[in-house]
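# Notes for the structure review
The chain contents come next:
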Amino acid sequence: MIDHVHDLRSVREATDRLLTAAAKLDNAALAEESHLPGWTRGHILAHLARNADALVNVFEGRPMYESGDARDADIARDFGRPLVEQLEDVRNSAARWEAVAGRPQDWTRVVELRNGVTDVAARVPFRRLIEVELHHVDLNIGYELADLSEDFTEREIAFLADRWSGRPEVPPVTLRTTPGKFWHTGGTEGTPVVLEGPADELLGWLAGRGSRGAHLAVLAGDALPGLPPL
(Lines give C-alpha, C1' and ligand atoms only; values in the text may rest on other atoms or scores of the structure.)
Protein backbone atom coordinates (compact mmCIF):
# COMPACT_ATOMS: atom_id res chain seq x y z
CA MET A 1 0.00 0.00 0.00
CA ILE A 2 1.32 3.44 -0.95
CA ASP A 3 1.64 5.82 2.00
CA HIS A 4 2.09 9.27 0.48
CA VAL A 5 2.17 10.94 3.91
CA HIS A 6 5.14 8.78 4.91
CA ASP A 7 6.84 9.44 1.58
CA LEU A 8 6.35 13.20 1.80
CA ARG A 9 7.98 13.16 5.24
CA SER A 10 10.81 11.01 3.86
CA VAL A 11 11.35 13.48 1.00
CA ARG A 12 11.66 16.33 3.49
CA GLU A 13 14.17 14.39 5.60
CA ALA A 14 16.19 13.30 2.55
CA THR A 15 16.28 16.86 1.21
CA ASP A 16 17.54 18.15 4.56
CA ARG A 17 20.30 15.51 4.56
CA LEU A 18 21.37 16.43 1.05
CA LEU A 19 21.39 20.17 1.77
CA THR A 20 23.37 19.70 4.98
CA ALA A 21 25.95 17.58 3.17
CA ALA A 22 26.17 19.84 0.12
CA ALA A 23 26.62 22.94 2.31
CA LYS A 24 30.08 21.61 3.23
CA LEU A 25 31.23 22.02 -0.37
CA ASP A 26 32.66 25.15 -1.93
CA ASN A 27 32.33 26.64 -5.39
CA ALA A 28 35.36 24.76 -6.71
CA ALA A 29 34.03 21.41 -5.45
CA LEU A 30 30.67 22.16 -7.02
CA ALA A 31 32.35 22.35 -10.42
CA GLU A 32 33.99 18.94 -10.03
CA GLU A 33 32.69 15.78 -11.65
CA SER A 34 29.90 13.83 -10.01
CA HIS A 35 29.34 10.10 -10.34
CA LEU A 36 27.16 10.80 -13.40
CA PRO A 37 29.22 10.96 -16.61
CA GLY A 38 29.27 14.45 -18.07
CA TRP A 39 27.65 16.08 -15.04
CA THR A 40 29.30 18.14 -12.34
CA ARG A 41 27.87 18.41 -8.85
CA GLY A 42 26.35 21.69 -10.00
CA HIS A 43 24.42 19.86 -12.73
CA ILE A 44 22.91 17.54 -10.14
CA LEU A 45 21.78 20.34 -7.83
CA ALA A 46 20.32 22.28 -10.75
CA HIS A 47 18.45 19.18 -11.90
CA LEU A 48 17.03 18.53 -8.41
CA ALA A 49 15.67 22.07 -8.22
CA ARG A 50 14.08 21.95 -11.66
CA ASN A 51 12.68 18.45 -10.98
CA ALA A 52 10.85 19.79 -7.93
CA ASP A 53 9.33 22.56 -10.05
CA ALA A 54 8.44 19.99 -12.72
CA LEU A 55 6.51 17.97 -10.15
CA VAL A 56 4.63 21.12 -9.17
CA ASN A 57 3.61 21.32 -12.83
CA VAL A 58 2.45 17.69 -12.71
CA PHE A 59 0.25 18.27 -9.68
CA GLU A 60 -1.19 21.45 -11.16
CA GLY A 61 -2.13 19.80 -14.45
CA ARG A 62 0.61 21.22 -16.66
CA PRO A 63 3.21 19.29 -18.68
CA MET A 64 6.04 18.15 -16.44
CA TYR A 65 8.59 19.87 -18.71
CA GLU A 66 7.93 22.12 -21.67
CA SER A 67 10.12 19.72 -23.67
CA GLY A 68 13.17 17.54 -23.27
CA ASP A 69 15.29 20.27 -24.81
CA ALA A 70 13.89 22.87 -22.42
CA ARG A 71 14.66 20.59 -19.46
CA ASP A 72 18.26 20.20 -20.60
CA ALA A 73 18.57 23.92 -21.30
CA ASP A 74 17.43 24.79 -17.78
CA ILE A 75 20.10 22.54 -16.28
CA ALA A 76 22.75 23.95 -18.62
CA ARG A 77 21.72 27.47 -17.61
CA ASP A 78 21.81 26.83 -13.86
CA PHE A 79 24.63 24.37 -13.16
CA GLY A 80 27.42 26.96 -12.96
CA ARG A 81 25.91 29.13 -10.23
CA PRO A 82 27.71 29.66 -6.90
CA LEU A 83 27.01 27.18 -4.13
CA VAL A 84 24.88 29.56 -2.07
CA GLU A 85 22.55 30.12 -5.04
CA GLN A 86 22.34 26.41 -5.80
CA LEU A 87 21.44 25.50 -2.22
CA GLU A 88 18.84 28.26 -2.01
CA ASP A 89 17.26 27.08 -5.26
CA VAL A 90 17.11 23.45 -4.12
CA ARG A 91 15.64 24.53 -0.77
CA ASN A 92 13.06 26.93 -2.25
CA SER A 93 11.95 24.61 -5.04
CA ALA A 94 11.56 21.78 -2.52
CA ALA A 95 9.37 24.06 -0.40
CA ARG A 96 7.21 24.89 -3.44
CA TRP A 97 6.76 21.20 -4.18
CA GLU A 98 5.97 20.41 -0.56
CA ALA A 99 3.35 23.16 -0.43
CA VAL A 100 1.57 21.85 -3.52
CA ALA A 101 1.83 18.20 -2.47
CA GLY A 102 0.55 19.07 0.99
CA ARG A 103 -2.80 20.37 -0.27
CA PRO A 104 -5.96 18.27 0.15
CA GLN A 105 -6.36 16.42 -3.15
CA ASP A 106 -7.38 13.19 -4.82
CA TRP A 107 -4.37 10.97 -4.35
CA THR A 108 -5.94 8.20 -6.45
CA ARG A 109 -6.02 10.29 -9.64
CA VAL A 110 -3.70 9.49 -12.53
CA VAL A 111 -1.10 12.13 -13.43
CA GLU A 112 1.19 12.37 -16.45
CA LEU A 113 4.96 12.56 -16.07
CA ARG A 114 7.67 12.67 -18.75
CA ASN A 115 7.45 10.94 -22.14
CA GLY A 116 3.84 9.88 -21.67
CA VAL A 117 4.53 7.96 -18.44
CA THR A 118 1.55 8.00 -16.07
CA ASP A 119 1.17 7.06 -12.43
CA VAL A 120 -1.20 7.57 -9.54
CA ALA A 121 -0.60 10.81 -7.66
CA ALA A 122 0.09 8.91 -4.44
CA ARG A 123 3.27 7.39 -5.91
CA VAL A 124 4.77 10.72 -7.01
CA PRO A 125 6.25 11.52 -3.57
CA PHE A 126 8.22 8.26 -3.76
CA ARG A 127 9.39 9.20 -7.24
CA ARG A 128 10.68 12.49 -5.81
CA LEU A 129 12.35 10.58 -2.98
CA ILE A 130 14.16 8.48 -5.59
CA GLU A 131 15.46 11.65 -7.22
CA VAL A 132 16.74 13.10 -3.96
CA GLU A 133 18.28 9.93 -2.56
CA LEU A 134 19.98 8.62 -5.69
CA HIS A 135 21.25 12.04 -6.73
CA HIS A 136 22.66 12.51 -3.22
CA VAL A 137 24.70 9.39 -3.96
CA ASP A 138 25.57 10.80 -7.40
CA LEU A 139 27.05 13.95 -5.83
CA ASN A 140 30.09 11.87 -4.84
CA ILE A 141 30.45 13.44 -1.41
CA GLY A 142 30.50 10.34 0.78
CA TYR A 143 26.86 9.22 0.69
CA GLU A 144 26.76 5.76 -0.85
CA LEU A 145 24.14 3.22 -1.90
CA ALA A 146 24.92 1.25 1.27
CA ASP A 147 23.88 4.32 3.31
CA LEU A 148 20.32 4.25 1.97
CA SER A 149 17.67 2.90 4.32
CA GLU A 150 16.64 -0.73 3.97
CA ASP A 151 13.04 0.32 3.34
CA PHE A 152 13.99 2.71 0.54
CA THR A 153 16.44 0.28 -1.06
CA GLU A 154 13.96 -2.57 -1.19
CA ARG A 155 11.17 -0.35 -2.51
CA GLU A 156 13.46 1.05 -5.19
CA ILE A 157 14.58 -2.44 -6.20
CA ALA A 158 10.92 -3.41 -6.61
CA PHE A 159 10.20 -0.18 -8.51
CA LEU A 160 13.08 -0.68 -10.95
CA ALA A 161 12.45 -4.41 -11.30
CA ASP A 162 8.95 -3.50 -12.43
CA ARG A 163 10.38 -0.92 -14.83
CA TRP A 164 12.57 -3.49 -16.58
CA SER A 165 9.89 -6.22 -16.59
CA GLY A 166 8.68 -7.21 -20.02
CA ARG A 167 11.65 -5.60 -21.79
CA PRO A 168 12.67 -7.93 -24.65
CA GLU A 169 16.31 -6.78 -24.52
CA VAL A 170 16.60 -7.94 -20.88
CA PRO A 171 16.60 -11.70 -20.19
CA PRO A 172 14.51 -13.15 -17.37
CA VAL A 173 16.34 -12.20 -14.17
CA THR A 174 15.77 -13.26 -10.57
CA LEU A 175 17.34 -10.95 -7.99
CA ARG A 176 18.09 -12.41 -4.57
CA THR A 177 19.52 -10.84 -1.45
CA THR A 178 21.72 -13.00 0.70
CA PRO A 179 19.05 -13.10 3.48
CA GLY A 180 16.67 -14.59 0.89
CA LYS A 181 14.42 -11.79 -0.43
CA PHE A 182 13.85 -11.90 -4.17
CA TRP A 183 12.41 -10.01 -7.14
CA HIS A 184 11.88 -10.86 -10.82
CA THR A 185 12.52 -8.62 -13.80
CA GLY A 186 13.32 -8.72 -17.51
CA GLY A 187 11.45 -10.27 -20.40
CA THR A 188 10.71 -13.84 -21.38
CA GLU A 189 13.37 -14.44 -24.03
CA GLY A 190 16.91 -15.63 -23.43
CA THR A 191 18.66 -17.68 -20.79
CA PRO A 192 17.30 -17.03 -17.29
CA VAL A 193 19.75 -15.36 -14.93
CA VAL A 194 19.87 -15.48 -11.13
CA LEU A 195 21.80 -12.71 -9.37
CA GLU A 196 22.53 -12.74 -5.64
CA GLY A 197 24.17 -10.23 -3.35
CA PRO A 198 23.58 -7.38 -0.91
CA ALA A 199 20.56 -5.20 -1.60
CA ASP A 200 22.70 -2.14 -2.35
CA GLU A 201 24.55 -4.10 -5.06
CA LEU A 202 21.26 -5.24 -6.59
CA LEU A 203 20.08 -1.63 -6.58
CA GLY A 204 23.35 -0.51 -8.13
CA TRP A 205 22.85 -2.92 -11.04
CA LEU A 206 19.23 -1.91 -11.62
CA ALA A 207 19.97 1.83 -11.36
CA GLY A 208 23.31 1.84 -13.18
CA ARG A 209 25.16 3.13 -10.13
CA GLY A 210 27.93 2.13 -7.76
CA SER A 211 29.74 -0.97 -9.00
CA ARG A 212 26.79 -1.60 -11.34
CA GLY A 213 26.42 -5.11 -10.02
CA ALA A 214 30.05 -6.12 -10.52
CA HIS A 215 30.12 -7.73 -7.07
CA LEU A 216 26.94 -9.76 -7.55
CA ALA A 217 27.15 -13.54 -7.77
CA VAL A 218 25.74 -14.96 -11.02
CA LEU A 219 24.17 -18.20 -9.80
CA ALA A 220 22.53 -19.08 -13.11
CA GLY A 221 22.95 -17.81 -16.64
CA ASP A 222 26.01 -16.84 -18.62
CA ALA A 223 26.94 -13.44 -17.18
CA LEU A 224 25.67 -10.24 -15.61
CA PRO A 225 23.17 -8.82 -18.15
CA GLY A 226 23.41 -5.25 -19.37
CA LEU A 227 20.52 -2.86 -18.86
CA PRO A 228 19.36 0.07 -21.01
CA PRO A 229 19.98 3.57 -19.60
CA LEU A 230 17.38 4.82 -17.13
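The text that follows walks through the structure, step by step, so that each part is easy to find.

Parameters at a glance
Residues numbered from 1 in each chain as written. Predicted model: local features only at pLDDT ≥ 70, side-chain atom pairs only at ≥ 80, totals over all residues. Heavy atoms only, no water. 1 Å grid on protein atoms, 1.4 Å probe; cavity = no way out; pocket = protein on both sides within 12 Å on 5 of 7 lines; lining within 4 Å. Points joined across faces, edges and corners; volume = space filled by probe spheres on them. Helix = DSSP H or I, 4+ residues; strand = E, 2+ residues; numbered from the N terminus. Nonpolar A, V, L, I, M, F, W, Y, C, P; charged D, E, K, R; others polar. Salt bridge = Lys/Arg side-chain N within 4 Å of Asp/Glu carboxyl O. Buried < 20%, exposed > 50% of the residue type's maximum accessible area, 1.4 Å probe, protein only. Contact = heavy atoms within 4.5 Å. Polar contact = N/O pair within 3.5 Å; in protein donor to acceptor, adjacent residues only side chain to side chain. Core = buried A, V, L, I, M, F, W, Y, C linked by side-chain atoms within 4.5 Å. Phe/Tyr/Trp six-rings, centres within 6.5 Å; stacked < 30°, edge-to-face > 60°.

### Some details on the layout of surface pockets
Computed from the structure, the largest pocket encloses a volume of approximately 1,100 Å³. Listing elements by their share of the lining of the largest pocket, those giving two or more residues are helix H3 (41–59), helix H6 (124–138), helix H7 (150–164) and helix H8 (199–207). Here the element with the most residues in the lining of the largest pocket is H6; it accounts for six residues. Its residues assigned to classes, the lining of the largest pocket comprises 21 nonpolar, six polar and nine charged.

### Quick notes on the pattern of salt bridges
Inspection of the entire model under this criterion finds 21 salt bridges. Here Glu-98 ties to Arg-12 by a salt bridge, and the two come within 2.8 Å at their closest N and O atoms. Within this pair, whereas Glu-98 is found in helix H5 (residues 83–101), its partner Arg-12 is found in helix H1 (residues 4–22), the two being separated by 86 residues in sequence. One salt bridge connects Arg-176 with Glu-196, and the closest N-O pair in it is separated by 3.0 Å. Here the residue Arg-176 occupies a position in strand S3 (residues 173–177), and Glu-196 occupies one in strand S5 (residues 193–197), the gap between them amounting to 20 residues.

### Some details on the environment of Arg-212
Within the secondary structure layout, Arg-212 lies in the loop between H8 and strand S6 (217–220). What makes Arg-212 partly exposed here is its relative accessible area of 41%. Separated by 194 residues in the primary sequence, Arg-212 and Leu-18 place their C-alpha atoms 23 Å from one another. When residues no more than four places from it in sequence are discounted, the contact partners of Arg-212 are Gly-204, Trp-205 and Leu-224. Within the structure, Arg-212 has its side chain in polar contact with the backbone oxygen of Gly-208 (distance 2.7 Å).

### Focus on the environment of Trp-183
Mapped onto the fold, Trp-183 is located in strand S4 (residues 182–185). Ignoring any residue separated from it by four or fewer positions in sequence, one finds Trp-183 in contact with Glu-154, Ile-157, Ala-158, Ala-161, Val-173, Thr-174, Leu-175, Thr-177 and Leu-202.

### Digging into the nonpolar core
Most often, soluble globular proteins keep nonpolar side chains buried together rather than apart. In terms of nonpolar packing, the biggest core is built from 62 residues, with Phe-59, Trp-97, Leu-134, Leu-175, Leu-195 and Leu-203 touching the most fellow members. At ten residues, H3 tops the list of elements feeding residues into this core.

### Quick look at the packing of aromatic side chains
For any two aromatic rings, the description comes down to two numbers: the centre-to-centre distance and the angle of the planes. Counted under the stated rule, the structure contains four aromatic pairs. Their ring planes at 70° and their centres at 5.1 Å tell us that Phe-59 and Trp-97 sit as a pair that is edge-to-face. Here the residue Phe-59 occupies a position in helix H3, and Trp-97 occupies one in helix H5, the gap between them amounting to 38 residues. Here Trp-97 falls in the buried class, since its relative accessible area comes to 2%. With centroids separated by 5.6 Å and ring planes inclined at 70°, the aromatic side chains of Phe-59 and Trp-107 adopt a geometry described as edge-to-face.

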